[in-house]
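Close look at the chain arrangement
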Protein chains: 2
Amino acid sequence: MKTVSVIGDGQLARMMQPAAVELGIKLQLLAGAPDSSAAQVIPAVTVGDYHSTANCLAVAEGSDAVTFDHEHVPSDALSAMLDAGYSVQPAPSALINAQDKLVQRRRMRELGAPVPPFADISSVEDAQNFWNEVDGNVCLKACRGGYDGHGVWFPKDLTELESLVAELLEAGTPLMAEKKVALTRELSILVARNPSGEVKVWPITMSVQENGVCAEAIAPAPDLAPELAQRATDLGVQIATELGVTGVLAVELFAYTNDEGAEDIAVNELAMRPHNTGHWTQAGSITSQFEQHLRAVLDLPLGDPSASAPITVMANVLGADEDPAMPMVDRVVEVARRFPNAKIHLYGKGHRPGRKIGHVNLTGNAADAATVAATRRDAKLAAYFLVHAEWADQA
Amino acid sequence: MKTVSVIGDGQLARMMQPAAVELGIKLQLLAGAPDSSAAQVIPAVTVGDYHSTANCLAVAEGSDAVTFDHEHVPSDALSAMLDAGYSVQPAPSALINAQDKLVQRRRMRELGAPVPPFADISSVEDAQNFWNEVDGNVCLKACRGGYDGHGVWFPKDLTELESLVAELLEAGTPLMAEKKVALTRELSILVARNPSGEVKVWPITMSVQENGVCAEAIAPAPDLAPELAQRATDLGVQIATELGVTGVLAVELFAYTNDEGAEDIAVNELAMRPHNTGHWTQAGSITSQFEQHLRAVLDLPLGDPSASAPITVMANVLGADEDPAMPMVDRVVEVARRFPNAKIHLYGKGHRPGRKIGHVNLTGNAADAATVAATRRDAKLAAYFLVHAEWADQA
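Please read all numbers here as calculations on a predicted model, not as lab measurements.

Re the pairing of strand β12 (residues 213–219) of chain A
Residues and elements named next belong to chain A.
- Burial of β12 is extensive: 7 of the 7 residues sit out of reach of the surface.
- As paired strands, strand β11 (residues 205–210) and β12 are joined by 5 bridges and run antiparallel to one another. Counterpart to valine 208 in the pairing with β12 is glutamate 216.
- The loop that links β11 with its antiparallel partner β12 comprises 2 residues; one of these, asparagine 211, has a positive phi angle of about 50 degrees.
- Note that β12 and strand β15 (residues 311–318) share 4 bridges and pair antiparallel. When the bridges of β15 are listed, alanine 217 appears paired with methionine 314.

Given below as structure tokens:
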């Protein structure tokens, strides 16, 4: 079969390995450390630094495609791999839209995709002007490098905005600002596209963020008007196609109530790799996002993204402030005993407060409100126990 | 989490790796060669020989459980690991029933499990007596070491039986004989049991053998009377419990028409490891047999074995007499294009006629006869193309 080089050693790279094993694909990993999450489970590991062009070129050798589990590989390394004739997926020209929020916003506006009002912030004066333009509803963002709520600020007054902007620009951080959306919930479009142009879209996913980090995903998104689901699906296809994305694309959406009182959407972020809001596909779709990503970057025909269960819930396992004394394996025992249908995923990572160390997938047999609520409750109870070694529903 | 040592380097060990990755379990492999099917995908590999007690002890080091992907580990090595304090799962006292067909037959009779008439064959005279007893309907079996039709003979007359028996006993092959069953189809009970005694049974599976090798499995078995399904399920629980099996147990069954004209069952073989007739669980059950095996040998609570699709079909990919010129990846492309819902599994093995090199799982949306037939047809078309690079339904 084929060989895929993966740059990045976190859980996203790790979770490509089961799909690779099944399809007979060989993975080659560039890992920062020999015991990192992905390096624990993939035999062919190069230990190195993704900032190093030499290391990137070394891991690309012999590959049929090079891909990533994050967006932070420098342009120089990407260009060097392209120049050396490697198949870099997604291509840097697409990836830039996931690397730079201002580039993305401009491109979305060009495509006619719905985005909040935004501005380039190159000076304190730009920030002042934008503050006035949007009546102080300002979200300030670092153009590059943010994730999981890092690199995003909601200044409470103009003074805070001014000092933030002054400080960040002084530190050399390129900035943009956008109008805060009065969001009602968050949705996510998961799309895959291969270099031949085939595109497949999973059912639209609802996600719940806590402190800027994904806590829960539910798919198909409950109570979503079919017309809006179709519009979101079409938007996903359009963005993947016009940006020339290859592999998995996650389009994070703000949902809000529009002037007509109906649910509407605007684009928030793009990610070009398997995404936290797509982990439910491991248990609830014919084709998981990890399998689809590998198929896509190798330009194989894409798999069926249909839901295989009426409802699937993913709950993240995020390191507690203090790690309980009970060993993780004993927590797994308790959760497995109470929820024999829970699919527990652990990433082989040590404890750190707030760190993503695993997730739980749970499917429900029906999509009615009671089943959705029960499935969400159980998935969250399971994830909570894995974190806290306590049942949240027991005194 | 925990560490499991696996002795045996074929596709069964390979397919434990996705489940191990998900649950955060570390696998340590004893492999005959560094490029064997399982060794390609598991980082911690000891290259050695499972006949060697020293090699078995070496791979067991640091494990929470030792298990197998075949039944051929010698008793000496098993005992040595037990004596050294390792958790060997299944225990040798259970495993002997999967290693020695005569031991198994005697034990099944003790338990009251249905088995065909059988006899120990220690001489040509024993064979002659049994031939007369069952009116020449004799199936001769090597007590140990057979698989996939090897070690099983159907002599067409007494002379052939006599010469076979003389020759095999002369070569030191322990033998047994049993009455040939007029089988109508083959069924399989897949069970898992952990050392604490928890037992779970998957839906009863129908399998189709060609030339003594599993070609296809369908689950839940179509047209199975609920009473018989229940009886088979109870039988699986009884065998697993009374034999003290840990991990996955497959009870291969003969189905036949009894004197009352109803479908009935008799035990054929036992296997104590994930089994070819259970590969469908990867796509069609909440808990795959590979995940369940790992949970069981570690004495974790077992997962839900319920079907997650109305019908699932597995078709084996067996090496053709001559390997077609079309590279395997191009065959995968064609199959993936025609069947986007096909789950293609490849074992990383080179071509050899009749060799198990992969399988295809396909789920259907309903369990009516037409859907079952269509799902079986499509799974077999997909597997046939992977073997022959031709569509069996096209001229």
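Considering helix α7 (residues 124–133) of chain A
All names here are of chain A.
- When α7 is considered as a whole, its buried residues turn out to be Ala127, Phe130 and Trp131. Down the axis of α7, the buried side of the element spans an arc of 105 degrees, and every buried residue falls inside it. Exposed residues on α7 whose side chains face more than 90 degrees from its buried face are Glu125, Asn132 and Glu133.
- Against β5 (118–121), β6 (138–142), α8 (158–170) and β8 (175–179) lie the buried residues of α7.
- The positive-phi residue at the C-terminal boundary of α7 is aspartate 135, with phi of around 55 degrees.

Examining the packing of helix α12 (residues 328–338) of chain B against helix α13 (residues 369–388) of chain B
Residues and elements named next belong to chain B.
- One can describe the packing of α12 onto α13 by two numbers: an axis separation of 8 Å at closest approach and a directional angle of 160 degrees. Looking at the two axes, α12 sits roughly antiparallel to α13. In terms of crossing hand, the pair formed by α12 and α13 is right-handed. From α12, Met328, Arg331, Val332, Glu334, Val335 and Arg338 reach across to α13, where they touch Leu381, Ala382, Phe385, Leu386 and Val387.

Let's talk about the sheet that holds strand β7 (residues 152–153) of chain A
Residue and element names in this part refer to chain A.
- Pairing is antiparallel in the open sheet, where 4 strands are placed in the order β5-β8-β6-β7. Bordering the open sheet on either side are β5 and β7, each of which pairs with just one other strand.
- For β6 and β7, the ladder comprises 2 bridges, and the chain directions are antiparallel. Pairing of leucine 140 across the sheet is with tryptophan 153, part of β7.
- Packing against the sheet, helix α6 (residues 101–111) makes contact with β5, β6 and β8, and its axis sits at approximately 145 degrees to β5.
- On the sheet, α7 packs against β5, β6 and β8 and is oriented at approximately 165 degrees with respect to β5.

Some points on the domain arrangement of chain A
- Taken domain by domain, chain A comprises domain 1 (3–88), domain 2 (117–179) and domain 3 (183–388).
- Distance between the C-alpha centres of domain 1 of chain A and domain 2 of chain A: 34 Å.

Points about helix α8 (residues 158–170) of chain B
All names here are of chain B.
- If you check α8, its first and last C-alpha atoms are 18 Å apart, about what 13 residues at 1.5 Å a residue would give, namely 18 Å.
- Among all positions of α8, only Leu161, Leu164, Val165 and Leu168 are buried. Looking straight down α8, one finds its buried side chains confined to an arc of 95 degrees; they lie on one side. Those residues of α8 that are exposed and aimed more than 90 degrees away from the buried face are Thr159, Glu167 and Glu170.
- Packed against the buried residues of α8 are β5 (118–121), α7 (124–133), β6 (138–142), β7 (152–153) and β8 (175–179).
- Just beyond α8, the residue with positive phi is glycine 172, at close to 85 degrees.

Some details on the UniProt feature "binding site: ATP" (unreviewed entry) in chain A
All names here are of chain A.
- As recorded in UniProt, the feature "binding site: ATP" (unreviewed entry) lies at Lys101, Lys141, Glu178, Lys179, Lys180, Val181, Glu186, Asn268 and Glu269.
- Position of lysine 101 relative to the elements: it lies in helix α6.
- When its relative accessible area of 10% is taken as the criterion, lysine 101 is described as buried.
- With respect to the helices and strands, the residue lysine 141 is situated in strand β6.

A few points about the sheet that holds β5(B)
- The 4 strands lie next to each other as β5-β8-β6-β7 (chain B), forming an open sheet whose pairing is antiparallel. Only two strands of the sheet have a single partner each, and these edge strands are β5 and β7 of chain B.

Remarks on the environment of Ala31(A)
Residue and element names in this part refer to chain A.
- Relative to the elements of secondary structure, alanine 31 occurs in strand β2 (residues 26–31).
- Measuring from C-alpha to C-alpha, the distance between alanine 31 and alanine 379 comes to 31 Å, with 348 residues separating the pair along the chain.
- Leaving out residues up to four positions away in the same chain, alanine 31 has contacts with Asp9, Ser36, Ala39, Val45, Thr46, Val47 and Gly48.

Observations concerning the relation of the copies chain A and chain B
- Mapping chain A onto chain B is achieved by rotating through 180 degrees and translating by 0.0 Å along the same axis, at an RMSD of 0.0 Å. As the rotation angle and translation indicate, the two copies are arranged about a two-fold axis.
- Taken together, the interface assignments show that 100% of the residues at the interface of chain A recur at the interface of chain B, consistent with an identical surface on both copies.

What about the side chain of Asp378(A)?
- The residue Asp378(A) is located in helix α13 (residues 369–388) in this model.
- The contact partners of Asp378(A), leaving out residues within four places of it in the chain, are Phe339(A) and Leu362(A).

Considering the pattern of salt bridges
- A complete count under the given rule lists 42 salt bridges over all chains for this structure.
- For Glu291(A), the salt bridge goes to Lys343(B), with nearest N and O atoms at 2.8 Å. A residue pair is termed interchain when its members come from two chains, as with Glu291(A) in helix α11 (residues 289–297) and Lys343(B) in strand β16 (residues 343–346). Comparing Glu291(A) with Lys343(B), the two get one shared label, buried.

Considerations on the packing of aromatic side chains
Residues and elements named next belong to chain A.
- As enumerated under the stated definition, the model contains 4 aromatic pairs over all chains in all.
- Aromatic side chains phenylalanine 385 and tryptophan 391 sit 4.3 Å apart centroid to centroid with 35 degrees between the ring planes, which places their arrangement in the tilted category. Tryptophan 391 shares its class with phenylalanine 385; the two are buried.
- Taken together, the ring pairs connect Phe339, Phe385 and Trp391 into an aromatic cluster.
- A cation sits over an aromatic face here: arginine 338 above tryptophan 391, 4.6 Å from the ring centre.

Looking at the interface of chain A and chain B
- Facing the 39 residues of chain A at the interface are 39 residues of chain B.
- Linking chain A with chain B are 2 salt bridges, by the criterion used here.
- Run the count over chain A and chain B and you get 12 residue pairs in polar contact (both at pLDDT 80 or more).
- At the level of elements, α2 (16–23), α11, α12 (328–338) and β16 (343–346) of chain A are the ones that each hand at least two residues to the side of chain A that touches chain B.
- The biggest single contributor to the side of chain A that touches chain B is α2(A), with 6 residues.
- The residue makeup of the side of chain A that touches chain B, split by class, is 21 nonpolar, 9 polar and 9 charged.

Here's the deal with the packing of helix α5 (residues 92–99) of chain B against helix α6 (residues 101–111) of chain B
Residue and element names in this part refer to chain B.
- The N-to-C vectors of α5 and α6 enclose an angle of 105 degrees; their axes lie 6 Å apart at closest approach. Of the possible angle classes, the one that applies to α5 and α6 is roughly perpendicular. Taking contact as the criterion, the partners of Ile96, Asn97 and Gln99 in α5 are, on α6, Lys101, Val103, Gln104 and Arg107.
- Split into classes, the residues belonging to the contact of α5 with α6 amount to 2 nonpolar, 3 polar and 2 charged.

What counts and how
Residues numbered from 1 in each chain as written. Chains lettered and ligands numbered in written order. Predicted model: local features only at pLDDT ≥ 70, side-chain atom pairs only at ≥ 80, totals over all residues. Heavy atoms only, no water. Buried < 20%, exposed > 50% of the residue type's maximum accessible area, 1.4 Å probe, protein only. Helix = DSSP H or I, 4+ residues; strand = E, 2+ residues; numbered from the N terminus. Pairing = 2+ DSSP bridges. Arc of directions from axis to C-beta. Contact = heavy atoms within 4.5 Å. Axes fitted to C-alpha atoms, helices over the stretch in contact; angles between N-to-C directions. Parallel < 35°, antiparallel > 145°, perpendicular 65-115°, else oblique. Left-handed = near helix turned anticlockwise from the far one by under 90°. Domains from an automatic or database assignment. Expected span 1.5 Å × (residues − 1). UniProt positions renumbered as here; feature names shortened; annotations may be inferred. Least-squares fit on C-alpha atoms with pLDDT ≥ 70 in both. Salt bridge = Lys/Arg side-chain N within 4 Å of Asp/Glu carboxyl O. Phe/Tyr/Trp six-rings, centres within 6.5 Å; stacked < 30°, edge-to-face > 60°. Lys NZ or Arg CZ within 6 Å of the ring centre and 35° of its normal. Polar contact = N/O pair within 3.5 Å; in protein donor to acceptor, adjacent residues only side chain to side chain. Nonpolar A, V, L, I, M, F, W, Y, C, P; charged D, E, K, R; others polar.

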